[in-house]
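Examination of the molecular architecture
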Amino acid sequence: MKFTSTKIRSLLGAAAASICLISATSQQATAGQLHNGWNYGIDALNDGSGGSSFEIKGMAIKETADSIFVALTGGMPLTGVTNGGAADGNIGWGDLFFNFSGQNFQTASNTNSLFGIRFAGANDSLAASTGVYSNVKAASVTGVNHGYNSLNQYYNSGFNRTNTQGTDLSTAQAAYNYFGQTTPILNVISSGTKVGDITMLTASQLTAAGLNFGHFSAAGTQMIGFQFNRSLLASGSYLANVFVECGNDGVALAGNLAQVPEPSAIVGLTLVGLSAAGSMLRKRRSVVK
Ligand SMILES: [Ca+2]
Ligand SMILES: [Ca+2]
Ligand SMILES: [Ca+2]
């Protein structure tokens, strides 16, 4: 049998295609809504208490070989809004959490098992600076931000809507099961270990990376995004979530982060491909001779 270079290319192409298929499938296993490489959690468009500034419309996450991208949209600016009822005169975003533990949020918090990301430098987070934190415990700052003391109080005030915490925690009961019903809304990092920094991204950088909340009719007036090193987070199924500082709106997103390949594994895979090609070429040469 003769191995032509076309045949070798098609064999290697098939191998590459099957690797892509595996990684796409693993993300799809637990993701809500995938579009153009981003995993979206689209929030109720009418559950922001206090007006359009407090309305979250959605969260999206994208994983590449070396980075995690996060995007948030709605009416809340990165620097928050002026509010006389808040202790610091400002209400803004809380911190973003990733929970890989499979436990509910309070259990994960009590065992310092959360990852947390402070992305809003002007908020009331107890994390010292913006960045990615591991071994995180969470705290509530709704009380000093003119906010709700529990999800129960928020829903009883008339904000119980379908997709209350996005499409992945769509009902009040699902939110109670995960966050707790009458306990404080834990929305900032209380303690943890800083493991790395984040890089803020502009709306045009996010668009260039394939982000499109408009596909879900969920583009807000504010677009917030950032990027950080893939290796800073764990792998596997996660639930990510963020609330505003007052608890007036929140959104969650379920997904799956692929196993980070060891550098040696990538080299190994490449070597297997090269040696397979080399062996085919050698065979071809021997046939030609
Ligand atoms: Ca909302
Ligand atoms: Ca504040
Ligand atoms: Ca919400």
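Preceding this paragraph is the structure being described.
The structure reproduced in this document is the subject of the present report. (Residues numbered from 1 in each chain as written. Chains lettered and ligands numbered in written order. Predicted model: local features only at pLDDT ≥ 70, side-chain atom pairs only at ≥ 80, totals over all residues. Heavy atoms only, no water.)

It is worth spelling out the nonpolar core at this point. Counting 34 residues, the largest nonpolar core has W93, L96, F98, F119, F228 and L233 as its most contacted members. Listing elements by their share of this core, those giving two or more residues are β3 (56–63), β4 (67–74), β7 (93–99), β8 (114–118), β12 (222–229), β13 (236–244) and β14 (250–257). Per-element accounting of this core gives the leading share, four residues, to β13. Setting aside residues up to four positions removed in sequence, F98 forms contacts with I61, L114, F115, I117, L233, Y238, L239 and A240. (Core = buried A, V, L, I, M, F, W, Y, C linked by side-chain atoms within 4.5 Å. Buried < 20%, exposed > 50% of the residue type's maximum accessible area, 1.4 Å probe, protein only. Helix = DSSP H or I, 4+ residues; strand = E, 2+ residues; numbered from the N terminus. Contact = heavy atoms within 4.5 Å.)

Right, let's get into the coordination of the calcium ion (ligand 2). For a metal bound by four donors in tetrahedral geometry, the ideal donor-metal-donor angle is 109.5 degrees, whereas six donors in octahedral geometry ideally sit at 90 or 180 degrees. The protein atoms that coordinate the calcium ion (ligand 2) are D88 (OD), D88 (OD), N90 (O), D124 (OD), N145 (OD1) and E245 (OE), at distances spanning 2.3 to 2.8 Å. One can describe the site at the calcium ion (ligand 2) as irregular: its six donor atoms subtend angles covering 48 to 164 degrees at the metal. Judged by its relative accessible area of 0%, N145 falls in the buried class. Taking relative accessible area as the criterion, E245 reaches 0% and is therefore assigned buried. (Donors = N, O, S within 2.8 Å, 3.2 Å for Na, K, Ca; no water. Tetrahedral: all angles 85-135°; square planar, octahedral: opposite > 155°, others 65-115°.)

Turning next to the coordination of the calcium ion (ligand 3). Protein-derived ligands of the calcium ion (ligand 3) are D43 (OD), D43 (OD), D47 (OD), T164 (O), D249 (OD) and G250 (O), with the metal-ligand distances lying across 2.2 to 2.6 Å. Metal-centred angles of 52 to 168 degrees between the six donor atoms at the calcium ion (ligand 3) mark the site as irregular. Between the donor residues of the calcium ion (ligand 3), the gaps in sequence give the motif D-x3-D-x116-T-x84-D-G. A distance of 3.9 Å spans the gap from the calcium ion (ligand 3) to the calcium ion (ligand 1), which D43 bridges by coordinating each metal. An identical accessibility class is assigned to D43 and D47; each is buried.

Our focus in this paragraph is the pairing of β4. Of all eight residues in β4, eight are buried, a share of seventy percent or more. Residues S67, F69, A71 and T73 of β4 are buried on one face, and the alternating residues I68, V70, L72 and G74, pointing to the opposite face, are buried as well. Where β3 lies against β4, seven bridges are found, and the strand directions are antiparallel. Of the residues in β4, the one forming a bridge with G58 is T73. (Pairing = 2+ DSSP bridges.)

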